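Structural characterization, general
Chain by chain, the residues:
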Amino acid sequence: MNNKIRTPYFLVDEKKLIENLEILKYVSEKSGAKILLAQKAFSMYSVYPIISKYLYGSTASGIYEARLGAEEFGGETHVFSPAYRADEFDEILKYADHIVFNSCKQIEKYGKKAKDCGKSIGLRVNPECSTQEGHEIYDPCSFGSRLGTTISNFDENVLNIIDGLHFHTLCEQNSDDLKTTVDAFEEKFGKYIKGLKWLNLGGGHHITRDDYDRDLLINIVKYLREKYNVEVYLEPGEAVVLNSGYLVSEVLEIVNNGIDIAILDTSAACHMPDVIEMPYRPPVKDSGKSNEKKYTYRFAGGTCLAGDIMGDYSFDNPLKEGDTIIFEDMALYTMVKTNTFNGMPLPQIAFKNINGEIQLIKSFDYNDFKCRL
Ligand SMILES: Cc1ncc(COP(=O)(O)O)c(C=O)c1O
């Protein structure tokens, strides 16, 4: 491994991570919720030993994350998949403690086998209550969603076998939206909860954000636990690593086409694809909005994609080749989504410990591009 740090690299900050974990631990202690890391947002397993001191376990979207969670995180391993594959299910049984199914038909297919192996099983339901606007691709309650069983498709026979119900409907939301969702969930599915062992309220709770109403979340969890005598799980991804990572890059060249454009050694398309998918403008250290400060630049990636653009940013001083550009809040949904389109090298992964020392965790090379093709 190349053990010299070079841009672009992801840098995860232990101090910031622990601040988030302390908040999650507080919520867990006050409410009695069992909190899991949703690995889809963050799977940098070298820091799992830190996170697992604070959380109850991990949740997975399929076989590889389930294995990573079981092998590297410990605690309880949960898995949810919209549809399991017959040729993978036995292996999933090796790793998972909780298996959540998306439909009653999936429970018919795999439920007994999972129960016979001692697993706790659940059904993901769709409370059909959209609380987010504008981001249909992130809204599991949008029209035609395949995610979760609607009340009209709910077959009461599954109550003979399931241990819990799961819903996931939120994305970067506050607890008032959770309250709205819980009301809708209870209205539709409330009569089925008594006698179950657990409820899983999914992810999308922005618990560690400054303006998040944690007291309301704590009250909702306590209310559900007391009313129905169930365990309550939360499985945030973003909230675990919110604002605790950076993507450090460098200006390679500046060109002008009606606006100054800084071409960086990173790429929105390859290294932060949510910037294009969501879309959103990632925060950049020491920058202002377009024209807020004296010198404005469009940040663009080094691929052939015309739309490989992070956004427009302004600075007090002109930028030049070799300047360092630090994208903030880059731990979540980045490392897990990188790709090598255009043969673009993958960013290194580094870690800043509580004493401020920076350690290189991972470097990638040509083989990481070639071996997948
Ligand atoms: C089922 C499920 N659980 C948990 C999460 C984690 O959500 P977030 O990272 O927004 O907290 C997701 C995200 O898509 C999800 O689909």
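Whatever comes next refers back to the structure up there.
Thresholds applied
Residues numbered from 1 in each chain as written. Predicted model: local features only at pLDDT ≥ 70, side-chain atom pairs only at ≥ 80, totals over all residues. Heavy atoms only, no water. Phe/Tyr/Trp six-rings, centres within 6.5 Å; stacked < 30°, edge-to-face > 60°. Helix = DSSP H or I, 4+ residues; strand = E, 2+ residues; numbered from the N terminus. Buried < 20%, exposed > 50% of the residue type's maximum accessible area, 1.4 Å probe, protein only. Lys NZ or Arg CZ within 6 Å of the ring centre and 35° of its normal. Salt bridge = Lys/Arg side-chain N within 4 Å of Asp/Glu carboxyl O.

Concerning the packing of aromatic side chains
On inspection of all chains with the given rule, the structure shows 17 aromatic pairs. Ring geometry for F154 versus F189: centroids 5.7 Å apart, planes at 70 degrees, classification edge-to-face. Here F154, found in the loop between β6 (120-124) and β7 (164-166), pairs with F189, found in helix α6 (residues 175-189); they are 35 residues apart in sequence, far enough to count as distant. Just as F154 is buried, F189 falls in that class too. Ring centres 4.5 Å apart and planes at 25 degrees place the aromatic pair F154 and Y192 in the stacked group. Of the two residues, F154 is situated in the loop between β6 and β7 and Y192 in the loop between α6 and β8 (198-200); the sequence distance between them amounts to 38 residues. On the basis of relative accessible area, F154 is assigned to the buried category, the value being 11%. Looking at Y192, the relative accessible area reads 9%, which means it is buried. Looking at R124, its charged tip hangs above the ring of F80, at a distance of 4.8 Å from the centre.

Comments concerning the pattern of salt bridges
All chains considered together, the criterion is met by 18 salt bridges. Its salt-bridge partner being K337, residue D274 comes within 2.6 Å of it at the nearest N-O pair. Placement of the pair is D274 in helix α10 (residues 274-277) and K337 in the loop between β14 (324-328) and β15 (348-352), with a sequence separation of 63 residues. Looking at K337, the relative accessible area reads 26%, which means it is partly exposed.

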